[in-house]
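# Close look at the chain arrangement
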Amino acid sequence: MTGRVEGKVAFVTGVARGQGRSHAVRLAQEGADIIGIDLCDSVDTVPYPGATKDDLAETRRQIEELDRRAVLTTADVRSLDEVSGAVENGVAELGRLDVVVANAGIFSAAAADQMSEQTWLEMISVNLTGVWWTCRATIPHLIAGNGGSIILTSSRVGYASGSPNLVHYSAAKSGVVGMMKSLSVELAKHSIRVNTVNPTNCDTPMLRNDFMKQLFFPDRPDATEDDFIQACRATHNLPIPWVDPIDISNAVLYLASEEARYVTGVSLSVGEV
């Protein structure tokens, strides 16, 4: 442990698996205690299973194995009351809040002329409003603590030229970048830095599922895993199909640490724009 965030407390949403677990564990490796939430359930319009309470327990185990404290609970980022309650309880137990990682997110896809009202609303509620509720619940604690770092998970779609069947996802992720830009200006006087990480394809359950393969190959039910890998590789200039969660977590750690003490208002791309 090199202690790049030693003595700090970080709040991470979507902490039960995938990027969220990776972020929490990486920050814990560098000395942070963790407050975390996850829905630990599936969302109706999302075509892959959500995380489970067993996943959340595994995240807790990995953090505590590093001799760090973990205050983890189930909560829905679509509810300000639930997010605020989790933050209040965590800060009461751990004594402070320094870093916020608004990571929780979902993915779905539909043609614009066929997208249901529920598909649109759930995407915006989780991937945009949920990010805002996370900020709203934590900003007062960061102000009270004389500053900190807020890191919002956007996507390369957040500033890409556009992707078919993703109007709702693109709107949410672009909105996160806009939210970050405004907050970085408004909160600077409180020594609060606000940035986004904008990952490309990442090797998590959000990417590695049958629905995503069908999205790449709508007319090829016989498409193989190797076909999928090659299709993902074709979306990058680097010779990779995707990045690993740790690659995003290292970017999160940098933005959380004193190494980025004057970095604010930035979208940090991981794996190309």
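These notes cover the structure that comes with them. (Residues numbered from 1 in each chain as written. Predicted model: local features only at pLDDT ≥ 70, side-chain atom pairs only at ≥ 80, totals over all residues. Heavy atoms only, no water.)

## Structural notes on the environment of Asp-247
Here Asp-247 shows up in helix α8 (residues 245-256). For Asp-247, a relative accessible area of 32% translates into the label partly exposed. Considered as a pair, Asp-247 and Ser-174 are 73 residues apart in the sequence and their alpha carbons are 21 Å apart. Of the polar contacts made by the side chain of Asp-247, one reaches the backbone nitrogen of Asp-244; its length is 2.8 Å. (Helix = DSSP H or I, 4+ residues; strand = E, 2+ residues; numbered from the N terminus. Buried < 20%, exposed > 50% of the residue type's maximum accessible area, 1.4 Å probe, protein only. Polar contact = N/O pair within 3.5 Å; in protein donor to acceptor, adjacent residues only side chain to side chain.)

## A look at the pairing of strand β1 (residues 9-13)
Judged by how many residues are buried, β1 sits mostly within the fold: five of five residues are covered. Burial along β1 is two-sided: the face carrying Val-9, Phe-11 and Thr-13 and the face carrying Ala-10 and Val-12 are both buried. As defined by bridge partners, β1 adjoins strand β2 (residues 33-38) across five bridges and the pair is classed as parallel. What sits directly across from Val-9, in β2, is Asp-33. In this view, the connection linking β1 to its parallel neighbour β2 by way of helix α1 (residues 18-29) has right-handed handedness. As paired elements, β1 and strand β4 (residues 99-102) share three bridges and run parallel to each other. Within the sheet, the bridge partner assigned to Phe-11 lies in β4 and is Val-100. (Pairing = 2+ DSSP bridges. Right-handed = clockwise from strand over helix to strand, strands pointing away.)

## A short note on the nonpolar core
Grouped together as the largest cluster of nonpolar side chains are 50 residues, with contacts concentrated most on Phe-11, Leu-97, Ile-150, Leu-152 and Val-194. When residues in this core are grouped by element, the largest group, eight residues, is from helix α4 (residues 117-144). Residue contacts for Val-194: discarding those within four places in its chain leaves Ile-150, Leu-152, Met-180, Leu-183, Ser-184, Leu-187, Thr-264, Gly-265 and Val-266. Core analysis: the second largest hydrophobic core is formed by 32 residues, Val-5, Ala-10, Ile-151 and Ala-260 among them. (Core = buried A, V, L, I, M, F, W, Y, C linked by side-chain atoms within 4.5 Å. Contact = heavy atoms within 4.5 Å.)

## A word on the packing of helix α3 (residues 80-94) against α4
One can describe the packing of α3 onto α4 by two numbers: an axis separation of 9 Å at closest approach and a directional angle of 35°. Note that α3 runs across α4; the crossing there is right-handed. Between α3 and α4, the contacting residues are Leu-80, Val-83, Ser-84, Val-87, Glu-88 and Val-91 on the first element and Trp-133, Thr-134, Arg-136, Ala-137, Thr-138 and His-141 on the second. Class assignment for the residues of the contact of α3 with α4 results in six nonpolar, four polar and two charged. (Axes fitted to C-alpha atoms, helices over the stretch in contact; angles between N-to-C directions. Left-handed = near helix turned anticlockwise from the far one by under 90°. Nonpolar A, V, L, I, M, F, W, Y, C, P; charged D, E, K, R; others polar.)

## Structural notes on the pattern of salt bridges
Counted under the stated rule, the structure contains nine salt bridges. Notably, a salt bridge pairs Asp-98 with Arg-96, separated by 2.7 Å at the nearest N-O pair. Arg-96 gets classed as partly exposed once you look at its relative accessible area, which sits at 41%. Taken together, the shared-partner salt bridges connect Asp-33, Arg-68 and Arg-69 into one network. (Salt bridge = Lys/Arg side-chain N within 4 Å of Asp/Glu carboxyl O.)

## What about the side chain of Thr-45?
In this fold, Thr-45 is placed in the loop between β2 and α2 (53-65). Residue Thr-45 is classed as buried on the basis of its relative accessible area of 18%. Reaching out from Thr-45, the side chain makes a polar contact with the side chain of Glu-122 at a distance of 2.5 Å. Apart from residues lying up to four places away in sequence, Thr-45 is in contact with Ser-108, Gln-118, Thr-119 and Glu-122.

## A closer look at the sheet that holds β1
Working definition: the strands of a sheet are paired by backbone hydrogen bonds and lie parallel or antiparallel to each other. With respect to topology, seven strands assemble into an open sheet ordered β3-β2-β1-β4-β5-β6-β7, the strand pairing being parallel. With one partner strand each, in any of the chains shown, β3 (70-74) and β7 (267-270) form the two edges of the open sheet. Mean inter-strand twist for the sheet, computed between neighbouring axes without regard to direction, equals 15°. Taken strand by strand, α8 contacts β4, β5 (148-153), β6 (192-199) and β7, and its axis lies near 165° from that of β6.

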